[in-house]
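Descriptive structure summary
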Amino acid sequence: ARNQAASMVARLYFNVVRSGAMIDAVRAQIELDESLLKLARDRQEVGAGTALDVTRAQSRLATDQYRLHQAQNERRTAELQLLRAMGDRLDQQIELADSLAASIPEIPALPDSTRLAFQNRPELKAEEKRLEAARLTIGAAYAELFPNVQAFADYGNSGDRQSFLPTRTYGVQVNVPIFDSGRRAAHRETALSQFRQAQIRVRDTRDQIEMEVRIALDNLASARDQLRSAEEGLRLAEEELNLSRLR
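Here we summarise the structure given alongside this text. Nothing here was measured: the structure is a model prediction, and the numbers come from that model.

Counting secondary structure elements, the protein chain contains 5 helices and 2 strands. Each helix (α) and strand (β) of the protein chain, taken in turn from the N terminus, gives the series α-α-α-α-β-β-α. Within the protein chain, buried positions represent 26% of all 247 residues. Partitioning the contacts of the protein chain with sequence separation of at least 6, the portion at a separation of at least 24 is 73%. A total accessible area of about 17000 Å² is found for the protein chain, and carbon and sulfur atoms account for 53% of it.

Let us look at the nonpolar core. Leu 124, Leu 131, Phe 195, Ile 209 and Val 213 are the most contacted members of the largest nonpolar core, which has 14 residues in total. Looking at this core, the elements with two or more residues in it are helix H3 (110-120), helix H4 (122-143) and helix H5 (183-246). Per-element tally for this core: the top contributor is H5, with 7 residues. Excluding residues that lie within four positions of it along the chain, Ile 209 makes contacts with Ala 117, Phe 118, Arg 121, Glu 123 and Leu 124. Counting residues in each nonpolar core, the second largest holds 10 residues, with Val 26, Ala 40, Val 54 and Leu 68 among its members.

Along the chain, Met 22 falls in helix H1 (residues 2-45). The spacing of Met 22 and Arg 67 is 45 residues in sequence and 9.4 Å in space, taken between C-alpha atoms.

As a further point, take the pattern of salt bridges. Applying the stated criterion across every chain yields a total of 14 salt bridges. Among the ionic pairs, Arg 121 bridges to Glu 212, the shortest N-O distance being 2.8 Å. Of this pair, Arg 121 sits in the loop between H3 and H4 while Glu 212 sits in helix H5, placing them 91 residues apart in sequence. Given the relative accessible area of 7%, Arg 121 is considered buried. By relative accessible area, which is 23% here, Glu 212 ends up partly exposed.

Within the secondary structure, Thr 205 is located in helix H5. Beyond its immediate chain neighbours, meaning those up to four positions away, Thr 205 contacts Glu 123, Leu 124 and Glu 127.

This part is about H4. Here H4 contains 22 residues, and its C-alpha end-to-end distance of 32 Å stays within 8% of the 32 Å for a straight helix at 1.5 Å per residue. Looking only at H4, the buried set comprises Leu 124, Glu 127, Leu 131, Ala 134, Ile 138 and Ala 141. One face of H4 carries all of its buried residues, which in axial projection span an arc of 95°. Residues of H4 that are exposed and point over 90 degrees away from its buried face: Lys 129 and Leu 136.

Parameters and conventions
- Residues numbered from 1 in each chain as written.
- Predicted model: local features only at pLDDT ≥ 70, side-chain atom pairs only at ≥ 80, totals over all residues.
- Heavy atoms only, no water.
- Helix = DSSP H or I, 4+ residues; strand = E, 2+ residues; numbered from the N terminus.
- Buried < 20%, exposed > 50% of the residue type's maximum accessible area, 1.4 Å probe, protein only.
- Contact = heavy atoms within 4.5 Å.
- Areas by Shrake-Rupley, 256 points an atom, 1.4 Å probe, with all protein chains shown as cover.
- Core = buried A, V, L, I, M, F, W, Y, C linked by side-chain atoms within 4.5 Å.
- Salt bridge = Lys/Arg side-chain N within 4 Å of Asp/Glu carboxyl O.
- Expected span 1.5 Å × (residues − 1).
- Arc of directions from axis to C-beta.

This is the structure:
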C-alpha cells in the first residue's frame, strides 16, 4: 500500500509539472499571436494587408486563450489531486521547487522493476508465507501414516504412615495406524487442496503486481513523452516568436 501511494503521488506530481509546462507553452503561443495580430493590423493600416488577415489572427488568439484556460483548469485539478493524495488542505497553493525541465527521468527496465516489486510488496510476502504453511501442513498430514512411539514413566510412594514403599511404572507404547475410517486420507486431501489454493493465490498476486508495474511504466513513459512534447512546443513557440519579431 505504501509503494502504491508513493507511485500515485509521483504520478500526480508529474501531472502538475506537465500541466505547468503546457501553460508556459500556451502563454508563449498567445504572446506570439498578439504580436502577429499587431502585425496584421499594422499591415492593414498601410494597405499591405486585409481584414481577413486580422480576423484570422484574432481567431488564433481566441483559440489559444481558450487553450490557456483549459490548461489552467487542468493544472488546478492536478494540484487538488496531489494535495488530496498527500493529505494536505485543499486551499493550499503548490509551488514547485523543480520543474524537472533539466532532468527527465529514464524509464527503468521491466525485469528490474518487476523483480524489485516482487521483493518489496508485502501482499506477495504474505501469500508466500501462507504457501509455506500449507506445504508444512501437507507434511504433517502425511506424517500421520507413520507409526507412533511413546515412552511413559511414573514414580510414587505407597503405604501408610509407618511404612512407605516406592512404586514405579514405565513402558513403551507403539501405535501403528491401520484403519481410521478415512480420517487421515481426508486430512491429506484437505492439506493438498489448501496448498493448491495457496499456489493459485501466489500466482495471481504475482500477475497482479506485474500488471501494475507494466501500467506504471506505461504511465511514466506517457508522462515523460508529454513533458517532452510540452517542452518542445514551448521551444518552438519561443523560436517562432523571435523570428516574428525579427521580421
